[in-house]
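One-letter residues, chain by chain:
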Amino acid sequence: MKHPTQVEDLIYAKRSDVSYRVEEGIVTICRQQNHPIQQFFRKYWKWSIPQQSTLTLDEYGSLVFQLIDGKRTVGMIAEALKASYPEIDIHLMTRLVLYLNQMEKDEHLVVCLNNDQ
C-alpha cells in the first residue's frame, strides 16, 4: 500500500474488538474490565469493580467515530464534519488529527491502516 504524504490521506478503521452502541446519534463505547489484577481484587479482596465500563462520546466524536469505516480518509471525514457543523473553525484538521491519534494511541479504539509511524 502506498504511504500517504499528507494527513488528509490517512485512513482509519475501527478495531474489531471494540464494542459500541449508537442511540439517537450518540456513540457509547463498552469496555470489559477483565484484567487479571481486576479479577484478583474482585475475587480475593471483594472490591466492587464493575465488569464493564462505558465511554460516551459527544456529538462531534460520535459523528467522527461513525464515519470511520476503513475506506474514508481523514480529509473526507473533515468534509463531512464541515457539512454537518458549518460553525466549525479553521483548526478543524489539526483537531481532527489529534482526536484520531488519541483514539488510536491512548484509547485503542481505531487503527490507522496506511501509516507506519
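Residues numbered from 1 in each chain as written. Predicted model: local features only at pLDDT ≥ 70, side-chain atom pairs only at ≥ 80, totals over all residues. Heavy atoms only, no water.

**Some points on a nonpolar patch on the surface**
Part 1 of the argument: On the surface, a cluster of nonpolar side chains totalling about 500 Å² of accessible area is made up of Phe 40, Tyr 44, Trp 45 and Trp 47.
Part 2 of the argument: Of note, Trp 47 is situated in the loop between α1 (36–44) and β4 (52–56). (Patch = residues over 30% accessible without salt bridge, like charges linked within 9 Å, V, L, I, M, F, W, Y side chains within 5 Å. Areas by Shrake-Rupley, 256 points an atom, 1.4 Å probe, with all protein chains shown as cover. Salt bridge = Lys/Arg side-chain N within 4 Å of Asp/Glu carboxyl O. Helix = DSSP H or I, 4+ residues; strand = E, 2+ residues; numbered from the N terminus.)

**What to know about the environment of Ser 48**
Part 1 of the argument: Looking at the element boundaries, Ser 48 is found in the loop between α1 and β4.
Part 2 of the argument: What makes Ser 48 exposed here is its relative accessible area of 73%.
Part 3 of the argument: Put simply, Ser 48 and Gln 38 are ten residues apart on the chain and 9.6 Å apart in space, counted from C-alpha to C-alpha. (Buried < 20%, exposed > 50% of the residue type's maximum accessible area, 1.4 Å probe, protein only.)

**Side note on the nonpolar core**
Part 1 of the argument: Formed by 22 residues in total, the largest nonpolar core has its most connected members in Tyr 12, Phe 65, Ile 68 and Leu 96.
Part 2 of the argument: Contributing elements (two or more residues each) for this core: β3 (26–32), α2 (59–67), α3 (74–84), α4 (92–105) and β5 (110–112).
Part 3 of the argument: Excluding residues within four positions of it along the chain, Tyr 12 makes contact with Ile 68, Asp 69, Gly 70, Arg 72, Val 74, Leu 100, Asn 101, Glu 104, Val 110, Val 111 and Cys 112. (Core = buried A, V, L, I, M, F, W, Y, C linked by side-chain atoms within 4.5 Å. Contact = heavy atoms within 4.5 Å.)

**Overview of the pairing of β3**
Part 1 of the argument: Taken together, the five bridges between strand β2 (residues 19–23) and β3 define a ladder with antiparallel strand orientation. Bridging from a neighbouring strand, Glu 23 pairs with Ile 26 of β3.
Part 2 of the argument: Between β2 and β3, which pair antiparallel one after the other, the connecting turn spans two residues, and Glu 24 there sits at a positive phi close to 55°.
Part 3 of the argument: For β3 and β4, the ladder comprises five bridges, and the chain directions are antiparallel. (Pairing = 2+ DSSP bridges.)

**Remarks on the packing of aromatic side chains**
Part 1 of the argument: Per the stated rule, a full pass over the model turns up seven aromatic pairs.
Part 2 of the argument: Arranged with centres 5.1 Å apart and planes meeting at 85°, the rings of Phe 41 and Trp 45 form a pair that is edge-to-face.
Part 3 of the argument: Each member of the aromatic cluster is reached from another via a ring pair, and the members are Phe 40, Phe 41, Tyr 44, Trp 45 and Trp 47.
Part 4 of the argument: One cation-aromatic arrangement involves Lys 14 over Phe 65; the distance from NZ or CZ to the ring centre is 5.2 Å. (Phe/Tyr/Trp six-rings, centres within 6.5 Å; stacked < 30°, edge-to-face > 60°. Lys NZ or Arg CZ within 6 Å of the ring centre and 35° of its normal.)

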